[in-house]
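Spelled out from the first residue to the last, the chains are:
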Amino acid sequence: MIPGHGAVFTNVTADPARNARNAARARLKFHRLAVQRCSVLELIAHPRKARYFERINRDYFGLSFDAFVHRLIRDLVGSGAAVLHNEALFNVDA
């Protein structure tokens, strides 16, 4: 790897499952930025249209699809990027 500053380094460790979950969570966040508010059911339906989410779940987590999306929702709420109220997910601007 060649960083922007300093010497070249190679001792980089990666966690592919963490990176994949972060990417899926970011895609859900972008969707919510577009709609600002959606029900949990709508948020589960949206990624079903993108094979990307199914592949991440299959390759790294092996959960039911609903459980995988619920995990992403918990991550978003836990990080403060969203608020869950009455089964609706609201965007939180940083």
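Residues numbered from 1 in each chain as written. Predicted model: local features only at pLDDT ≥ 70, side-chain atom pairs only at ≥ 80, totals over all residues. Heavy atoms only, no water.

## A word on the environment of Ala7
The following threshold applies: Strands are runs of DSSP state E lasting at least two residues, helices are runs of H or I lasting at least four, and both sets are numbered from the N terminus onward.
Within the secondary structure, Ala7 sits in the segment before helix H1 (16–35). For Ala7 and Glu87, which are 80 residues apart along the polypeptide, the C-alpha to C-alpha distance reads 49 Å.

## So, the nonpolar core
As a reminder of what qualifies: As used in this record, nonpolar core signifies buried Ala, Val, Leu, Ile, Met, Phe, Trp, Tyr and Cys residues forming a set joined through side-chain atoms within 4.5 Å. Each residue is assigned to one of three classes by its accessible area relative to the maximum for its type, calculated with a 1.4 Å probe on protein chains only: buried under 20%, partly exposed between the two thresholds, exposed over 50%. Contacts are residue-level and defined by heavy atoms, with any inter-residue pair within 4.5 Å sufficient.
Ranked by internal contacts, the top residues of the largest apolar core, which has 20 residues, are Leu28, Phe53 and Phe68. Taken together, the elements giving at least two residues each to this core come down to H1, helix H2 (40–48), helix H3 (51–61) and helix H4 (65–78). Those residues in contact with Phe68 that sit more than four places away from it in its chain are Ala24, Phe53, Ile56, Asn57, Phe61 and Leu63.

## Let's talk about the side chain of Asp75
By the secondary structure assignment, Asp75 is in helix H4. Note on Asp75: relative accessible area 19%, which makes it buried. When near neighbours in sequence (up to four residues on either side) are disregarded, Asp75 contacts Arg21 and Arg25.

Shape is all these values report; function is a separate question.
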